[in-house]
Amino acid sequence: PAARRTLRQQARHVNAGTPAAAAASAPPPQLLSEELVQLRATFADRPATTRTVIGALGGRAYALMMILFALPFIAPVSLPGSSTPLGLVIAGIAAQLAVGRLPWLPRRLLDAPLPPGFFVRLIKVTQGVVRVLERFLKPRLPVVTASAGVRAVHLFVVCVAPLVLALPMPIPFTNTFPGWTILLFAFGLLERDGLFVLAGYVMMLATGVFFALLGSAVSEALLRIWHWVFP
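Keep in mind it's a predicted model, so treat the numbers as computed, not measured.

About the thresholds
Along each chain, the written sequence defines residue order, and numbers are assigned to residues from 1. Side-chain atom pairs in this predicted model are given and counted only at pLDDT of 80 or more, local residue features only at pLDDT of at least 70, and totals for whole chains, interfaces and linings cover all residues. Here the side-chain values reflect all heavy atoms present in the structure, with hydrogen atoms and water set aside. For Phe, Tyr and Trp, rings pair up if their centres lie within 6.5 Å, where Trp contributes its six-membered ring, and each pair is then called stacked (planes under 30 degrees apart), edge-to-face (over 60) or tilted (otherwise). Think of it this way: any DSSP run of H or I at least four residues long counts as a helix, any run of E at least two long counts as a strand, and we number them from the N terminus. Using a 1.4 Å probe on the protein chains alone, a residue whose accessible area is under 20% of its type maximum counts as buried, one over 50% counts as exposed, and one in between counts as partly exposed. The salt bridge criterion pairs a side-chain nitrogen of Lys or Arg with a carboxyl oxygen of Asp or Glu, the two atoms within 4 Å. Multiplying one less than the number of residues by 1.5 Å gives the expected span of a helix. Identification of polar contacts relies on pairs of N or O atoms within 3.5 Å, with a donor-acceptor requirement for protein atoms, meaning one able to donate a hydrogen and the other able to accept it, and with residues adjacent in sequence counted only if both atoms are side-chain atoms. As a per-residue measure, pLDDT reflects the predictor's confidence and takes values from 0 up to 100. A contact between two residues is defined here by any heavy atoms of the two lying within 4.5 Å. Angular values range over 0 to 180 degrees, each being the angle between N-to-C directions of two axes fitted as lines to C-alpha atoms, with helices fitted over their stretch in contact. In these notes the angle categories are as follows: under 35 degrees is roughly parallel, over 145 is roughly antiparallel, 65 to 115 is roughly perpendicular, and the rest is oblique. For a crossing to be left-handed, the near helix must be turned anticlockwise from the far one by less than a right angle; the clockwise case is right-handed. Ten residue types, Ala, Val, Leu, Ile, Met, Phe, Trp, Tyr, Cys and Pro, are classed as nonpolar, four, Asp, Glu, Lys and Arg, as charged, and the remainder, Gly among them, as polar. By nonpolar core is meant a set of buried Ala, Val, Leu, Ile, Met, Phe, Trp, Tyr and Cys residues that side-chain atoms within 4.5 Å join together.

Draft legend 1. Representation of the packing of aromatic side chains in the model. In this structure the tally under the stated criterion is six aromatic pairs. On the basis of an interplanar angle of 85° and a centroid distance of 6.3 Å, the ring pair of Phe-69 and Phe-118 is categorised as edge-to-face. Taken together, the positions of Phe-69 in helix α5 (residues 61–70) and Phe-118 in helix α8 (residues 118–136) put the pair 49 residues apart, joining distant regions of the chain. Residue classification places Phe-69 among the buried positions, given a relative accessible area of 0%. Relative to Phe-211, the ring of Phe-210 has its centre 5.3 Å away and its plane inclined at 85°; by these criteria the two rings are edge-to-face. Among the aromatic residues, those joined into a cluster by ring pairs are Phe-43, Phe-69, Phe-118 and Phe-119.

What follows is the structure in structure tokens.
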């Protein structure tokens, strides 16, 4: 079908790029902030699922899905119960884009309903952040994004962050660090902005440091409880 061919072209765009001539003749894509407003209007009076969002986003669906589903987690406290399914969706998309194939997702994830009022709350919390990021995005540092092999490595690295995101940990900031990691990588790869991709690696390092410190603090607390219970 024509829609599936369009999505396949988008998958190749993220992983392998498009010819310069085609890019020059193509109309400029919509900004993500504009896409969010349209999604809010589209799903204002009906439930949204991953499947229906993919259909609404069209040609850039899978790249935008990684950004869209990472946005709820850039705040210290995110939507309850959403990190596991959305994290698994992002990981599945990134892994398959990394090997240059059109992402396939299980029916259960495709048809799982998003939280009620998802896009209304998403825009309320993140619209300002998205608009600021859009102002700074531009193609630069091509050595970071020009090679299909290098982009595949970036996408495989991205897979780590949503898997961390999928862990059910109701602790502030445990979703924030991987959420920002996904967001920076996805924006950088979509817009060929090498600086954003490098910022994604910095945020990935910060994520590792945060969870290492968190693990150390939890271990210390458990050890103190053990010594208190069993002196």
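Draft legend 2. Quick peek at the pattern of salt bridges. In total, this model carries three salt bridges according to the counting rule given. The shortest N-O distance in the salt bridge between Arg-140 and Asp-193 comes to 2.8 Å. Here Arg-140 is found in the loop between α8 and α9 (142–145), whereas its partner Asp-193 is found in the loop between α11 (176–191) and α12 (194–229), with 53 residues between them in sequence. Arg-224 is the partner of Glu-220 in a salt bridge, and the nearest nitrogen-oxygen pair spans 3.3 Å. Here the residue Glu-220 and the residue Arg-224 both occupy positions in helix α12, the gap between them amounting to four residues, near one helical turn. Accessibility expressed as a relative area gives 59% for Arg-224, which makes it exposed.

Draft legend 3. The arrangement of unusual backbone geometry in detail. One non-glycine residue, Leu-141, lies in the positive phi region at around 45°. Along the polypeptide, Leu-141 turns up in the loop between α8 and α9. Overall, Leu-141 belongs to the partly exposed group, its relative accessible area being 38%. For Arg-192, which is not a glycine, the phi torsion comes out positive at approximately 55°. Along the polypeptide, Arg-192 turns up in the loop between α11 and α12.

Draft legend 4. Focus on helix α10 (residues 148–165). The first and last C-alpha atoms of α10 sit 26 Å apart over 18 residues, in line with the 26 Å expected at 1.5 Å per residue. Restricting attention to buried positions, one finds in α10 the residues Arg-151, Ala-152, His-154, Leu-155, Val-158, Cys-159, Ala-161, Pro-162 and Leu-165. The backbone nitrogen of Gly-149 lies 3.2 Å from a side-chain oxygen of the residue at the head of α10, namely Ser-147.

Draft legend 5. Structural detail: the confidence of the model for the chain. Looking at the chain, pLDDT values average 81 and 85% of them are 70 or higher. Here residues 16–26 scores under 50 on pLDDT; set against residues more than four positions off or in separate chains, the count is eight contacts.

Draft legend 6. Region of the structure containing the packing of helix α4 (residues 50–57) against α5. Relative orientation of the contacting elements α4 and α5 amounts to 125°, with a least axis distance of 9 Å. With respect to each other, α4 and α5 are oriented oblique. Handedness of the α4/α5 crossing: right-handed. Together, Thr-50, Val-53, Ile-54 and Leu-57 of α4 and Ala-61, Tyr-62, Leu-64, Met-65, Leu-68 and Phe-69 of α5 make up the contact between the two elements. Of the residues in the contact of α4 with α5, the class split is nine nonpolar, one polar and no charged.

Draft legend 7. Representation of the environment of Val-160 within the structure. Mapped onto the fold, Val-160 is located in helix α10. Classification of Val-160 by relative accessible area gives partly exposed; the value is 45%. In this structure, the C-alpha to C-alpha distance between Val-160 and Thr-181, residues 21 residues apart in sequence, is 9.6 Å.

Draft legend 8. Focus on the nonpolar core. Ranked by size, the top nonpolar core spans 57 residues in total, and within it Val-53, Leu-68, Phe-69, Leu-71 and Phe-119 carry the most contacts. When residues no more than four places from it in sequence are discounted, the contact partners of Val-53 are Phe-43, Ala-48, Met-65, Leu-68, Leu-114 and Phe-119.

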